[in-house]
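# Examining the three-dimensional arrangement
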Amino acid sequence: MESNAKIYYDTNEVAEMVGCEASALRFWEKKFPQLNPKRDSRNRRRYTERDIEIIRKIMHQKDKQGRTIKGAREQLRRKEESQLLIQRLLRVRKFLEEIQQKL
């Protein structure tokens, strides 16, 4: 990780980084449950690298793949579900391998 990398970014910084309007970020926060930036004591949004990655995925879905907000939201949900399933299957595989070694 870079020494000058930040942990949290404010709305305007993120908007500039990804090339969109700050109002779009606030709108997407309402439409995408995956996008949930933290709030500081003054109730300002604080985005993490994970949040920025989600924003980039949303933009890719909309701009490059031509999906609607609903379609992009569904695609992100499916991707999350598939990643969880893969993690579960890997745990089951490890468990089965441990059993096989004991036999």
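Residues numbered from 1 in each chain as written. Predicted model: local features only at pLDDT ≥ 70, side-chain atom pairs only at ≥ 80, totals over all residues. Heavy atoms only, no water.

Turning to the UniProt feature "domain: HTH merR-type" (unreviewed entry) in the protein chain, a few remarks are in order. UniProt records the feature "domain: HTH merR-type" (unreviewed entry) at residues 8-78, using the numbering of this structure. Within residues 8-78, the helical portion is 62% and the strand portion 6%, while the C-alpha atoms at the span's ends are 27 Å from each other. (UniProt positions renumbered as here; feature names shortened; annotations may be inferred. Helix = DSSP H or I, 4+ residues; strand = E, 2+ residues; numbered from the N terminus.)

Taken as a whole, the protein chain is organised into domain 1 (1-64) and domain 2 (69-102). Domain 1 and domain 2 are separated by 26 Å when their C-alpha centres are compared. If you sort the residues of domain 1 by the area they bury against domain 2, Phe32, Gln34 and Gln61 come out on top, with a joint share of 54%. On the surface where domain 1 and domain 2 come into contact, there are zero salt bridges. One can count one residue pair in polar contact (both at pLDDT 80 or more) joining domain 1 with domain 2. Looking at the side of domain 1 that touches domain 2, the elements that each hand over two or more residues are α2 (22-31) and α3 (49-64). Looking at the side of domain 1 that touches domain 2, the element that brings in the most residues is α3, giving five residues. Tallied by class, residues from the side of domain 1 that touches domain 2 come to five nonpolar, two polar and four charged. (Domains from an automatic or database assignment. Buried area = accessible area lost by both parts, 1.4 Å probe. Salt bridge = Lys/Arg side-chain N within 4 Å of Asp/Glu carboxyl O. Polar contact = N/O pair within 3.5 Å; in protein donor to acceptor, adjacent residues only side chain to side chain. Nonpolar A, V, L, I, M, F, W, Y, C, P; charged D, E, K, R; others polar.)

Tallied over the full model, the rule gives ten salt bridges. Note that Arg93 is salt-bridged to Glu97, the shortest N-O span being 3.3 Å. With Arg93 and Glu97 both in helix α4 (residues 69-102) and four residues apart, this pair spans about one turn of that helix. Since its relative accessible area comes to 54%, Arg93 is described here as exposed. Classification of Glu97 as partly exposed rests on a relative accessible area of 39%. Through salt bridges with shared partners, a single ionic network connects Glu74, Arg77, Arg78 and Glu81. (Buried < 20%, exposed > 50% of the residue type's maximum accessible area, 1.4 Å probe, protein only.)

Ranked by internal contacts, the top residues of the largest apolar core, which has 19 residues, are Leu25, Trp28, Leu35 and Ile55. When contributions to this core are tallied by element, the ones reaching two or more residues are α1 (11-18), α2, α3 and α4. The element contributing the most residues to this core is α3, with five residues. (Core = buried A, V, L, I, M, F, W, Y, C linked by side-chain atoms within 4.5 Å.)

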